[in-house]
Amino acid sequence: MKVLVYHTPEEIPTHTIPDCAIAVDVLRATTTMSTALAAGAEAVQVFSNLDELKHVSEQWPSEKRIRAGERGGAAVEGFDFGNSPLGCTSDAVSGRRLFISTTNGTRALKSIESAKTVLAAALVNRSTVVGHLVQNPAQTLWIVGSGWEGSYSLEDTVCAGAILQGLAESLGVSVTALAGNDEAIAAVALYLTWKDDLVGLLRNASHGQRLLRLNCDDDIVYCAQLDTLDVLPIQREPGVL
Ligand code: 3SL
């Protein structure tokens, strides 16, 4: 298995498709998706475009859908939710489909939707994702950070490092044996440096700072938890997990 880490969707190669690709948006989209599925959501359907989300979700029974929209960290007017994982209680989402569009996370998922297997990962479901990869080894695995509008984000890279470190430990091999690019080795170094203070790292990250300005510290604390949810967001059809 070779694991390649890409910091943003813009970095992924266009000429090849991996066996497995994982989208990561710790703050907050893939944490929200994992939380919704763990709370019993029927599915999560992702959109890059808000108008398309509205149009497709209109065809769904209103009592069976939740519409979540975020731009620039704030909830989109007229939607049921923004992008806070704390809103995904079982009362709110159980048995319903979450239709979601966010600034970067849903774009990252859309960018890898043609991989043979597509997963969404965050810190909260890291060990479940690692367990799946151990049981279903991929020759080539991409871990794709969502970043922020094309630029690097610490929180996605630390999650990529946590996945790769967990994988190496589970398989009993070294990180360097699995790493397919320098970014993968650097991601593990970031994780090993910060693993005992993930909330501190997230609060210091530029998007963490943005969320603090929006009074979302509870979300940051929630998103910084490691291995708390046993849920595997896996693509069943393009754009639907
Ligand atoms: O960019 C995204 O996709 C979001 O996760 C950003 S936010 O955390 O909802 O602000």
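For the structure itself, consult the block above.
Residues numbered from 1 in each chain as written. Predicted model: local features only at pLDDT ≥ 70, side-chain atom pairs only at ≥ 80, totals over all residues. Heavy atoms only, no water.

Asks: It is not clear to me how the environment of H7 should be interpreted in this structure. Could you clarify?
Replies: Along the polypeptide, H7 turns up in the loop between β1 (2-6) and β2 (20-24). Considered as a pair, H7 and T157 are 150 residues apart in the sequence and their alpha carbons are 6.7 Å apart. Discounting residues that sit within four places of it in the chain, H7 has contacts with G145, S146, G147, Y152, T157 and E183. (Helix = DSSP H or I, 4+ residues; strand = E, 2+ residues; numbered from the N terminus. Contact = heavy atoms within 4.5 Å.)

Asks: I keep staring at unusual backbone geometry and nothing clicks. Help me out?
Replies: Across the chain, the bulk of peptide bonds are trans and the bulk of non-glycine residues have phi less than zero. With omega at -5 degrees, the peptide bond leading from L27 into R28 counts as cis. Topologically, R28 is positioned in the loop between β2 and α1 (29-38). Here E149, not a glycine, exhibits a phi torsion of approximately 45 degrees, which is positive. In this structure, E149 sits in the loop between β8 (140-145) and α6 (154-171).

Asks: Explanation requested: the site of the ligand in the structure shown.
Replies: Of all residues adjacent to the ligand, which total 14 residues, the nearest are D25, N83, T102, N104 and G105. Here an oxygen atom of the ligand and a side-chain polar atom of D25 are 2.7 Å apart. Within the side chain of T102, an N or O atom sits 2.5 Å from an oxygen atom of the ligand. In isolation the ligand exposes 290 Å². Once the protein is present, 100% of that is buried. Residues belonging to the shell around the ligand are distributed by class as follows: four nonpolar, seven polar and three charged. (Near = heavy atom within 4 Å. Polar contact = N/O pair within 3.5 Å; in protein donor to acceptor, adjacent residues only side chain to side chain. Areas by Shrake-Rupley, 256 points an atom, 1.4 Å probe, with all protein chains shown as cover. Nonpolar A, V, L, I, M, F, W, Y, C, P; charged D, E, K, R; others polar.)

Asks: For this particular structure, what's the right way to read the sheet that holds strand β6 (residues 97-101)?
Replies: In a beta sheet, neighbouring strands pair by backbone hydrogen bonds and run either parallel or antiparallel. Spatially, four strands are ordered β3-β6-β4-β5 in an open sheet, and the strand pairing comes out mixed. The sheet terminates laterally at β3 (43-46) and β5 (74-75), the two strands that pair on one side only. Of the pairings in the sheet, the one linking strand β4 (residues 65-71) to β6 comprises five bridges and is parallel in character. Residue pairing in the sheet places R67 in a bridge with F99 of β6. On top of the sheet, α1 reaches β3 and β6; it is set at about 150 degrees to β3, its chief contact. (Pairing = 2+ DSSP bridges. Axes fitted to C-alpha atoms, helices over the stretch in contact; angles between N-to-C directions.)

Asks: I tried to follow the packing of helix α5 (residues 126-135) against α6 on my own but got confused; where do I start?
Replies: A packed helix pair is summarised by two numbers, namely the angle formed by the two axes and the spacing between the axes. At a minimum axis distance of 9 Å, the contact between α5 and α6 shows a crossing angle of 50 degrees. The angle between the axes of α5 and α6 places the two elements in the oblique class. Considering only the axes of α5 and α6, their crossing is right-handed. Side by side, α5 and α6 meet where R126, V130, L133 and V134 of the first sit next to A162, I163, G166, L167, S170 and L171 of the second. (Parallel < 35°, antiparallel > 145°, perpendicular 65-115°, else oblique. Left-handed = near helix turned anticlockwise from the far one by under 90°.)

Remember that the coordinates give geometry; whether it matters functionally is a separate question.
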